[in-house]
Each structure stands twice: as structure tokens, then as C-alpha cells.
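Listed below, chain by chain, are the residues.
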Protein chains: 2
Amino acid sequence: MSERVFDIEPYAISTSRLDDSRIRLIESMTSTGNAHLGMRGNFEEGYSGDSHRGTYVAGVWFPDKTRVGWWKNGYPEYFGKVINAANLIAIDLELDGERVDLFSGRHEDFLLRLDLRNGLLTRSFTYRTESSVVRFEFARFLSIVTPELCLQRLRITVLDGTVRVRATPRIDGDVHNLDANYGEQFWSEVGRGAAPVPHLSLRTIPNPFGTPQFTVTAGMRADATGLEASGMVDAPLQAGLAFEGTLAAGASAELRKTTAVVTTRDVEEAEHVDAVRDLLGASEGRTFDDHLAAHSARWEERWARAQVVIEGDDEAQQGIQFNLFHLFSTYYGEDERLNIGPKGFTGEKYGGATYWDTEAYLVPLYLSLASPEVSRALLAYRRAQLPQARHNARQQGLAGALYPMVTFNGIECHNEWEITFEEIHRNGAIAYAIHNYTRYTGDRSYLEGPGIEVLVEIARFWADRVHFSDHAGAYMIHGVTGPNEYENNVANNWYTNTLAAWVLRYTATALDELRPGRAGELGVPADERARWREIADRMYLPYDAALAVNVQHDTFLDKDLRHTDTIPADERPLNQHWSWDRILRSCFIKQADVLQGMYLFEEDFTADELRRNFEFYEPMTVHESSLSASIHAVLAAAIGEREKAIELYRRTARLDLDNYNNDTEDGLHITSMSGAWLAIVQGFAGMRATDAGLSFRPFCPAGWSAFSFTVGYRGRVLEVRVEAELVRIALREGEPLELDVHGRREVVDGELVVSLRVQDGA
Amino acid sequence: MSERVFDIEPYAISTSRLDDSRIRLIESMTSTGNAHLGMRGNFEEGYSGDSHRGTYVAGVWFPDKTRVGWWKNGYPEYFGKVINAANLIAIDLELDGERVDLFSGRHEDFLLRLDLRNGLLTRSFTYRTESSVVRFEFARFLSIVTPELCLQRLRITVLDGTVRVRATPRIDGDVHNLDANYGEQFWSEVGRGAAPVPHLSLRTIPNPFGTPQFTVTAGMRADATGLEASGMVDAPLQAGLAFEGTLAAGASAELRKTTAVVTTRDVEEAEHVDAVRDLLGASEGRTFDDHLAAHSARWEERWARAQVVIEGDDEAQQGIQFNLFHLFSTYYGEDERLNIGPKGFTGEKYGGATYWDTEAYLVPLYLSLASPEVSRALLAYRRAQLPQARHNARQQGLAGALYPMVTFNGIECHNEWEITFEEIHRNGAIAYAIHNYTRYTGDRSYLEGPGIEVLVEIARFWADRVHFSDHAGAYMIHGVTGPNEYENNVANNWYTNTLAAWVLRYTATALDELRPGRAGELGVPADERARWREIADRMYLPYDAALAVNVQHDTFLDKDLRHTDTIPADERPLNQHWSWDRILRSCFIKQADVLQGMYLFEEDFTADELRRNFEFYEPMTVHESSLSASIHAVLAAAIGEREKAIELYRRTARLDLDNYNNDTEDGLHITSMSGAWLAIVQGFAGMRATDAGLSFRPFCPAGWSAFSFTVGYRGRVLEVRVEAELVRIALREGEPLELDVHGRREVVDGELVVSLRVQDGA
């Protein structure tokens, strides 16, 4: 464990320690979001120490001019970035004219708590001035019932002395991006006012790239008991209300603030003020607690489809709950125009909103834990960006479509040649997700409708990107970076070649299975399909017969092959200690590469093949990508390496909670948050959804008395509970289902109980 | 030919056309320099159209903070760049209060001429105002006798009307770098005054990297006949004198300006004003013509050692003269602290001062055309930077010394991982230059003194950089970029592996040949030398038995191998049309790679091997590096491909004159300027200096009636004249010399004449 700030509780994180060197870490961890808005766990009253104030509005971004040391032909013109939006939660606090500040002031009884079931963030502390002692209790949440709303409550109780209290809830538009040069702002104020509600409208500054500007308007309503309204805040980039009162010992006051946020993504700019007023008006009759109750009930509906319970290990429980909570706070499929950024609403690192992580790591989770519409929305997002993906391929002089490494609008905006131009396996993941959706849901309508158009264009990209090597008598793919980003520009990455061949074959087959004539309508003649099959059949896949392993790429075996235990401890992680060239030429692997491919196409390999490859590659893997441990945990479980699987589960489940990669202060690793769930469900429970249907090969990790989880599958909701010696699978919703447990065909109707004793002995 | 601006004359470039879209190109071409100072061919009176004003002071640079899109571990902290210094040549001109400006004004009879024997730059034109016609005749040169001095003369003749003339010679410190952000300046004024001479002192702004700040002081003296001194120029960043007079038709005036420049590289800042005054005082008794005569005589001394004459082809003559003139203007070995930047004093692109080009392409020329001290100064420059080269190796976690890709002070300042960390073959070129110097001069004192220290550290780098591949049973070098920069991060680049093995073997042998005990004193135990030999002996060198060629790197033959004639004309040059990944995975080669190695180690290969490799690689080579054509010309000549050799000569000789690469507006390709000489001397004359001594295999290119050149060799000066049917080798200085002509041993004492008829028939 690298660094643990929060106490162990199964369904919450809380701490009574306020370490001023860890504020950014605390802020990341206590981020909240509702898929429309999100923010780091910043303090309402401000904080004068080191901190990173961050508020983000989904789908609102800015195209910054690409700046590189050495320009390469084909680089994108701009880098799209998440931009820090107006601070919605500000409540300035003064006691006898002195600003309340936890960095410089005297305080005690601090408690910060984020409820991981409903996202209620509470914070309380007792503050001392020269002449008074005052208790503050904050509460806030972002509604998932009305996602335009942020609800806040502050209780102030004077414990000693008499004190003049001033509280100023406001919206603060004076914000900067973390990576911006000093003084650079991405917003300009286009409207502000006190009536009908205090509001502030900010528009993103113009850009020369023809991407849209966004206007975001935030309006607020505030009222108080125990304090009097004392004036408006109406200054450039500021809108709000001030409240004041003199409170004696024993007296208390309560301040309530509701903020509504709309954007030109949904509402025309001219309508913004009315929209905000209407949203605030509609919420006016209900108390903070009323809103919270409705919001919590909605969360409970989500948990009913998604809860994972680990008995006997609160640390593990907290890990999985933390991850699922933050994932659902980031994305729940309501808006097809959105995707899941690597930091979600918890920071602005990595800029863009969409990575291949979505298809590779998140779609499998949403398929099981939410209705199929959620996953389908993720697929539809890519379908909508097909024209831009064609543009990306054209940038490289290639046919078809190339989905981007990083994007907001579908246009590639990453600018590192070895990634931008070469980490093209991402294009396979987009296709695989369509297959995954179809196979899991049994619903072929997406594949046969919008999906096939995406597949055809991806297949065309691969068919153009390969070359035929006369020397080798095979199709090859040179100049790629595989999932293991600790190698660049390699020839014949096994994963990439395997995935490309699969796309070509799968797309050809999918076209064949359409109604007669449809392939012709789609403009894919039979000879094009034949050529795809020929490429797939003659694709070169590096293999070493002596070792009987798939080879990561052409010259991998020539390296100085050694295990990670030969790396001195003070040189880990490698990416913080070794120069880039040394990392590249070493054998050490950042994340699953060959194994990622064997994970995707597990049915094509024997258990022996899987084991040999795992035993060859895993010991060379440093797991310095947040996406690494989970896939290895699943595979370790599959080959019976249970201890290894559990070790890797811990790493993925508590990556942020224990700050394993020492970078959580920048924000949470949102796109790897499915890892803990994959390790539990695909790993420990051994769940697979293949063409043959659903199957399980469960075991209960040592140290856990039992674990259970709920999954949806083709109209059913199943609750699976794995104990040391048996597994119970209960059908909570839907028709009886045939499935497979440890290789035995069973039917679930009501509750199925299968003993695990035989398997354990095996 | 891409674009020809100047007329064909054998020893000058001149033009009477002033095309305002080509001013930058003209300025590059008419740059002048004297190794201490240099400047582009800017117009004295200024120019309001598109232009690039550039004045550079040798050894004066600024470390700019490294800015990259994605930081890689090991990147240097700063990028050292050439900085644009104060404009020394300014003479503002007004006629009746109206500024003279060739962009906006009416003019005729324009003539611009640079004398390529002595660097005298003259420019004249007739200018029309509303009421007058005035002729201006400028002349200027940078003295190679007193390199602190810039001498200027301006003649003004009124052809019609009566006109008030105002001429203001001044020093202008308000300058910006081409690549600087708007408003950014690298200088601040630290002194200025009118007495004892108008002067301006500028200091480079502070930097956080601990590299020295420089102060440059320029002072001037000006006088006139026909105009009266009318006042001082004394404003921030400006110092000068104004002259005025009213001239009637037929009257003329002459203005003389001498500027002296000193820097803290040579003179302490407190002494600057005195030093400048003294320099100007010492020059005062002599006229412009006196200075010019002494300067020209010094140039003639250089030409007596270096002249190349091509009879019957003025275009070719102009090409070689242009190159030699600009090379000697950039560097003539007087200052061991200096080196030869890729743009010399003609532009600021590529920033740094020193590249491996020096050792690979320029040392061979200076060895022949200047005294051995000049080449030795280039070697000493690297020896002085050995501590920094050790630092560079440490940055990569490696032992020994790694000479930088780009530098001023020896610290690497390039920041593109595939070059910075991987184009390490440069380290071999530094070692090879020591060998080359020793072999050419027969002087072992450099090798045995400072040279061996450099060699040992380079050998240690290679010994640490290789790895032993158990799989292949050989030493390998993974993760390199060879001379062909159109491939990156390859495994076992044949050139790099060959050079590394050579360094290890050469250094071990050189140590063995030192006096007994010396190797021990140098701290190189016998087992270290044994290990170097073992690595060299077991170095893996990719070779294809079927094709019987050396293989560029491990997976090169798997590419889609095709000839450059399959590239559509509108896609050339590739680097302006193809995305980087497409260039990388194509087979097309930017510049000699395997062939560069065979060029360096020609004696190790049979003529057949050379031919087979040339015929395999040259047709895949696009020659998009300015360093490519020359090496190929030499090799083409060596294998008897004379037409190819001549075609490649033209390309290298007139690269800038005909703007082949469409980038000469940025400055001249100084470090490739030896190419034309190499093509003539090593190519057409087939000169080699090996351990066996000097040899020639001459032929006279079709279209030339004869060519001749002078080379120095071990105390002799030889003049070689190659005609269609015979070669004459005359001993101009020194003892008789045994040499080899077309394989026959001959002795030169007086003049040797050898018939070429037999060889031609062969």
C-alpha cells in the first residue's frame, strides 16, 4: 500500500484527519458527479493551502492548439481538453470579518465523509476565532433525479462566544485549468445578473478550428434561517447573495443553496436564464432532505442491479463499492453524446473525454450491471462519430475509419506519433465491443443496423493498413504500438495482428449473415469480403514453437528476458526512474498485451496455452497501467492461480483508495474502475458470456467468508453468492435460464445451489 | 531544379531580379560570416516586406526551457538555441523625409552580388521619389583578418532633382528570434552610450539552468563625405549617428561605417567599451579598400589550399565554390570552443550549434583543405565536452559517454525520444573522426593523448548499451534510430551495430598499442578490453544470405520493398506529404544507412558487396536528407555508376543554389556543404586515405572538360587535375610521395601524369 487516507468502512469513505499535504488526494477521492455535472471534493468556503479546485460539465470542452517540440506530418491541429467550469459550491464564510480557512485557522473535530451509496458529501468541523467557537456542518450532493441541480446545506452552531457570521453563497467564474499557462482562461462572461435569480453565463472563448463554443449558465437560489439576506454579489465573473447575522452561544443558523446548470448542449443560449429559473422554481417546494430522499432512492435502484457484497473483508468491500460508485457517478448511459473520460469529473489530466478504455474495460461491466440501453448508448456514441473516424484514417493516408486515441468529437487529438499513429489496436476494441454487446445481450439489431456500418469501415482500415510481405509470404502489420505502451513502433504485435484478423473475419461473416442483398446495399462487394478473409487467413502471428507461446512482436524474444523481481525496488515504478529508451528496450511490460488478446479470445485457446503464456508474460509485467491488474486477475483465476488473482484484485480495487500509482491527486482512474468488478465476477466467479451462453467457475477467495453480486443477462437478473463450499445462483427476475457451473449444465429457476467441493479438490 | 534565383557565374552569385516573395531565400544565399560574426544578406536600409533579419555571434546562445506535448523521462531540461543578435549593418535612409524601402518604393537597375572568393556583398539600385532619382551602392564584408569587424560603405549619387538625404548608420538591439513567441526577447540592454564611440551592450536574460549569460557589445565608427554629421542616435536598444545633406543632380556622397563586436566569451564585460574603441581606433587609418585588400589576400591563402576548378561547367563550378565559401565563412578552426551549426550564420533553425554532421561529413573535408590544426580543433571541442557526454550517458542510465545529438555546451538538448535517446550512432562518428584524423595525418599524438580518453568512454557506453540475447546467442542493440531517420526504434540497425563493434575493437587495439602500463593508468583493466573484444566478436550484424546484402535492421526485409519510382511525383518529398507512420513503415530511406557504414569501412568489403548493397538500397532511397546525395555519389563512382554519381553530385552541389529541398529560406545547409567536395574528390577523383596511404581512381565526368583540386596530405600540398584521358598530380609543397592511381603504385615528385584510357576501357 502506498498511501491510505480514508478509514475502512464498507460503504463510505471518511476521515477525521486533515493533512494539508494531502488535500489534492482527498479532493480527488471525494469527487462527486451525476453524469451531467461533477466536481472534486473542494471545500465550500475555499482553502488557501495547496489544492485543486475543479468543476466539470459533461461534454463541454475546448480545442487547444497542438504544441509539440517537433511537428510530425499528420498530427492533429488541436488537443481537446476538459475545461474547469465555474465553481458552483462556493460559500464564503466570515466570523467577525475574518475568513474561515482550514489551512490557516484553528479547528478541531474535523470529519469528512462521502457516502458511497448515494454520493452525499458531508464535512464538519469546529472553528475557533479569538472570541468564539463555531461548529460548521456542510452537506451536498449532485442530483441524479434532476442532474442540472447541485444541492447544498450548511448548519452553523455557535458553541461559545458571540459572533458576527457572514455567509456568501455564490457562483465563481474566475477559474483556470490546471495545465493552463498563467492567466490563460478558456471562458468569457456573456451574461450575469441578480434577477430573476443570481446567475452567471460563461462562453468558451473562440477557436480557429471550427469546433463549437459552449455557453454554460449557472443560477442559484439560497435562503437561510438564523441569518438575514444582506445584499447581492454582482461583480465580473461573480453572482450570489450574502447573508449575515450575529449569533450568541447556543444559537444556530442554516443556509440552503441550490444551483442549476444548463449548457448550450441542451438549451439555446437565449433560453438559459429562463431554464435555470424554471429548474430552481420547480425544486423550490422541496427541502434538501426531500431531494436527498428521491436521489437516494434512485441510487438504490441502481444498486439493486449492481451491488457487490464481500463478506468478511471490509477493505475489499470498500474497494469495489468505491469503484462502482464513481463509475456510475461518471456515466449511466443517459446521454448518447457522452462517454467516459479517464478522470471522469475528478480532474483534468489526459484532457480528452474518450479512450479505447471504454470499449475494452467498461462495456463488459455496463452490460452486466445496467440495462442494455446503457451499453448501446456507448456503441451509438462511436457510430455517431464514424465520419470523424474516416477523417482520422484519411489523415494517415488510409481507407476506412480509424477511431481516435483521445477525443471529444471523434477527431483524433492525441499528438505523440507512437500512440496517435501507431496504437491502432484501439480500432479493434471498437469492433470487439459490438461483438461483445451482441453476444451478451443476444440482440443482433445493433450489429445488423448501425453496427455493421462501423465494422465495415474498421475492416477497410485494417485491410489497407496491412502489407503483404513477399519475404515472409504473409500479411503483416508494421509500425504499431500494442497495449503494452512500454514498447513503441514494433513489427507484428501479436495482439494487434490477432485483433485485426478477427475484425476482418467477423465483419465478413456478419455481412454474410445479413439478409440477402444487404451487403451489396452497404457497398461491400463479395470480392472485398473475400480479400478480408484472405488477409485474415494469411495474417502473420508471431509464435515460438520452442517456448510454445505467442510472441509479443517480431524481436521480443531477442531481448534480455528477465523477471520483474530483478528490478531494484528503488527503481519502481520504472516510468518514474528509467529513461524512456531504457524502458522501451527492456522486456518489461506495462500491461497485458499478448494476454489481453488471449483474454478477449479465450475460447480459442486451451487451458495449457493460457497457462504457458501467463507464466511467460506475467512475471515480466510491471502493471504500471491502471488497466493491467484486472485482466491479469481474471486470467490468474482462470488458470487456478488463486493467490495471484487475489493479490491483483487488491491492486486494482484499491488503486485510488491506497494511491498505488502515486498520482491519484490528479484525479481518479475512472476508466480502470471496472477492474475490481471484472476480477470478482470474471475472476473469482469465473463468469463468461459466450455464444454458448452464461457460465461460472466460482471460488471464494481466501479470507472472504462469501461474496455475492447481481448481474443482468438477457432479460434476467441473477444474484450470485459464492461461499467457501458452494455457490448459490438466484433468479431474481425473468425466465428460467440454462447455464453452466464448473462445466456442468444447470438450470436456474428460483435458486440453484452447487457444491464447490469437487472443483476445489481438482 | 526547384527554384533558381541567382545567375550562373563561376565565382559569384548575383541577380538583378528582386522578387519580393523570395527575399528570405535571397537573404539566406547572400549570408556572410567570418567564424566570429555572421549575418543573413539583409538590406542595410531595412525592408518592409517579408524578410528575416538575422545576425549571429559565434558561441553565443540561450537555453530555452524544453517544451514538449508529452514529457518522457530523461528529456533534457533545456534546448540551447542560436539567438539573433543586434543588427550591426543598419543604415536608415531617407530622401526628403521619406524612407527608402525596396518593398514599397519605386526602383530600377537593382543588382545584388556576393563574391564567392572573398565574401564582398554589394548591392546597388536606382531609387525614385516624387522629385528625385538617386543611385545607391552598398558594399560590406566581415573581416577574416580582424574578425571583430564589419566594414560597410555606401555611395549615394543623385541622378536627377535636388534632394535632402538623411543616412543614419546605427546598431539596433531590438531583435527577436524567428521561433520566439511574440514579444519574447533573449536580450536586455546593460549599457549604451555615444562616447567614446556609439555603442550598445546587450546581455542575455538570466536562465534557471546554470548556463552562462553572455554580454555582447557592438560599437561603431562612421564618417561621410558629402553629408554632415547631424546628431546622435541614443535611445533604448539603439546607438548610432545621423548624417544629412542636400544633394543636387550629379552630386554624390559616401558613407563609411565600421562596427566592432566583442563578447564576454573573449573580453570581460567591464572592458567591452575599451575593447571596442581600441578595435575601431586600430582600424581608423585604413580605408574600406585597404581592409578589403588584406581580407581578400587572406581568402586567397585559403583558396590556394582549397580551390576546386571545374572546366566546362560553370553551374557545377558555382556549386562547389558556393559550398566551400560558406563553409569557410562558418568555420576555419581558429576557436576550439566553436563548432559548425547546421545553418551556420544563415538562420536559426535547428537551434543548436553542433551535430554529428561535423565528424561524419566535415572533418574529411577540413583534413584535406586546411591545416591539420583545424580538424584537430574540431576533435578538441569534443574532448573538452567529455564530462558533459558522461552526463548524457548517465541521463540514460548508462556507463561511459554519449555525445549529444544537438548541443552548445556538450549537454544534450534535443527532445524527441526516437532521436535524443536512440540515434546513438552519433557516438560512433565521434570515435571514427579520431581514427580518420589519425589515419589521414599520420599523427598519433591526438589519439594517444586526449583521443584515447574519449574513445574509452565511448567504448564503455557501447559495452553497456548492448545486451546479450540468449535467444540469438549474440550481442544486440535494440531500440535505435539509424542514420535513416525514416525508421525509428528499430532492433539491430546494421550501421549502428557495425560502428559499435568497430569502436570497441579499435579502442581496445589503440590501448594495446600505447606504451606499457598506460592503459592501466587510464583505468582500463585488461578484462575490460577483453570484454569489449568479446562483444565486438559476437555482435549480431543482420545479413541476408539469399540477397547477399547487409540488412538495415531486423525486420527491414519483411517490408513492402519497392523502388522510389513507384511513388507518385506529387507525393514527393515524402516528408511533406505522408503521415509520419506511413513514412516509418515504408521501405523508403531518407539517407545512406547500410551504405553509410560501407562508406566508412569500404576496405572491409569487396567491390561486389559494395555494388550489391548499393543496387539494393539506393533505389529505395529518397535522399530527403541534405547529407544523402554526397555519400551515394561517392559510392556510385566507386562502383562505376558514373551517371548516377554525376546526378547525385548536382543535387548536393546546388542543393541551396537551386533550393532543392524547398527550405533554403530558413538558412543554408551548412553541414552538408562538404557533400559536393566529397563527390568530386572521393567520387570523381576516387581519392582515399587509408592505412595504406593515399590513392586515386579518377575519371572526368561527362560534360566537364577537366576538373582540378588541391589537397593537403601529411606535409604535402598536391594539385590534382583530372582530364578526360589523363590525370596530373602535381606536388606543390613537401617531400615526394608514394601513392596509388587506379591500383598502380606511383611516386609524385614534381608532376605525375597517368593515362586514364586503360581504366576507362575496363
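Refer to the preceding data block for the structure.
Residues numbered from 1 in each chain as written. Chains lettered and ligands numbered in written order. Predicted model: local features only at pLDDT ≥ 70, side-chain atom pairs only at ≥ 80, totals over all residues. Heavy atoms only, no water.

Q: Could you give me a rundown of the environment of Ile-26 of chain A, with the residues and numbers involved?
A: Residue and element names in this part refer to chain A. As for its placement among the helices and strands, Ile-26 is situated in helix H1 (residues 23-29). Measuring from C-alpha to C-alpha, the distance between Ile-26 and His-563 comes to 35 Å, with 537 residues separating the pair along the chain. Excluding residues that lie within four positions of it along the chain, Ile-26 makes contacts with Val-5, Phe-6, Arg-17 and Leu-112. (Helix = DSSP H or I, 4+ residues; strand = E, 2+ residues; numbered from the N terminus. Contact = heavy atoms within 4.5 Å.)

Q: Any details on the environment of Arg-302 of chain B? Residues and values, ideally.
A: All names here are of chain B. With respect to the helices and strands, Arg-302 occurs in helix H3 (residues 288-306). With a relative accessible area of 5%, Arg-302 lands in the buried category. Each C-alpha atom, one on Arg-302 and one on Phe-325, is 9.9 Å from the other, the two residues being 23 residues apart in sequence. (Buried < 20%, exposed > 50% of the residue type's maximum accessible area, 1.4 Å probe, protein only.)

Q: I'd like a rundown of the interface of chain A and chain B, residues and numbers included.
A: Chain A puts 47 residues into the contact, and the matching count from chain B is 47 residues. Each partner contributes to the roughly 3800 Å² buried at the junction of chain A and chain B, and carbon and sulfur atoms together form 52% of this total. Here chain A is connected to chain B by 4 salt bridges. Between Lys-72 of chain B and Glu-416 of chain A there is a salt bridge, with its nearest N and O atoms 2.6 Å apart. Run the count over chain A and chain B and you get 22 residue pairs in polar contact (both at pLDDT 80 or more). Breaking the side of chain A that touches chain B down by element, the ones donating at least two residues are helix H8 (417-420), strand S21 (467-469) and helix H14 (580-585) of chain A. Take the side of chain A that touches chain B: its biggest share by element is 5 residues, from H14 of chain A. The residue inventory of the side of chain A that touches chain B, partitioned by class, reads 14 nonpolar, 19 polar and 14 charged. (Buried area = accessible area lost by both parts, 1.4 Å probe. Salt bridge = Lys/Arg side-chain N within 4 Å of Asp/Glu carboxyl O. Polar contact = N/O pair within 3.5 Å; in protein donor to acceptor, adjacent residues only side chain to side chain. Nonpolar A, V, L, I, M, F, W, Y, C, P; charged D, E, K, R; others polar.)

Q: Please provide a residue-by-residue account of the relation of the copies chain A and chain B, values included.
A: Once chain A has been moved 0.1 Å along the axis and rotated by 180 degrees, it coincides with chain B to within an RMSD of 0.0 Å. Such a combination of turn and shift is consistent with a two-fold rotation axis. When C-alpha positions in chain A are compared against the rotation axis, the closest is assigned to Val-68 of chain A, at 2.6 Å. Taken together, the interface assignments show that 100% of the residues at the interface of chain A recur at the interface of chain B, consistent with an identical surface on both copies. (Least-squares fit on C-alpha atoms with pLDDT ≥ 70 in both.)

Q: Please set out the sheet that holds strand S20 (residues 308-311) of chain A residue by residue, giving values where relevant.
A: All names here are of chain A. Taken in spatial order, the 5 strands make up an open sheet running S20-S27-S28-S29-S32, and their pairing is antiparallel. Two strands close off the open sheet at either side, each with one partner strand: S20 and strand S32 (751-755). Within the sheet, the average angular offset between the axes of one strand and its neighbour, ignoring direction, is 15 degrees. As paired strands, S20 and strand S27 (residues 706-713) are joined by 4 bridges and run antiparallel to one another. Note that in S27 the partner of Ile-310 across the bridge is Phe-707. (Pairing = 2+ DSSP bridges. Axes fitted to C-alpha atoms, helices over the stretch in contact; angles between N-to-C directions.)

Q: Which residues make up the packing of aromatic side chains, and what are the values?
A: As enumerated under the stated definition, the model contains 81 aromatic pairs over all chains in all. Between Tyr-437 of chain A and Tyr-446 of chain A, the aromatic rings sit 6.3 Å apart at their centres with planes inclined by 75 degrees, giving edge-to-face as the arrangement. The buried category is assigned to Tyr-437 of chain A, whose relative accessible area is 2%. The class for Tyr-446 of chain A is buried, based on a relative accessible area of 2%. With a centroid separation of 4.7 Å and an interplanar angle of 20 degrees, the aromatic rings of Trp-502 of chain B and Tyr-506 of chain B are classed as stacked. Linking Trp-502 of chain B with Tyr-506 of chain B, this pair stays in helix H11 (residues 494-512), spanning 4 residues, or about one helical turn. The rings of Trp-299, Trp-303, Phe-325, Phe-328, Tyr-331, Tyr-332 and Tyr-366 of chain A are connected pair by pair, giving a single aromatic cluster. Looking at Arg-302 of chain B, its charged tip hangs above the ring of Tyr-332 of chain B, at a distance of 4.0 Å from the centre. The cationic tip of Arg-582 of chain B hangs over the ring face of Trp-578 of chain B; the distance from NZ or CZ to the ring centre is 4.0 Å. (Phe/Tyr/Trp six-rings, centres within 6.5 Å; stacked < 30°, edge-to-face > 60°. Lys NZ or Arg CZ within 6 Å of the ring centre and 35° of its normal.)

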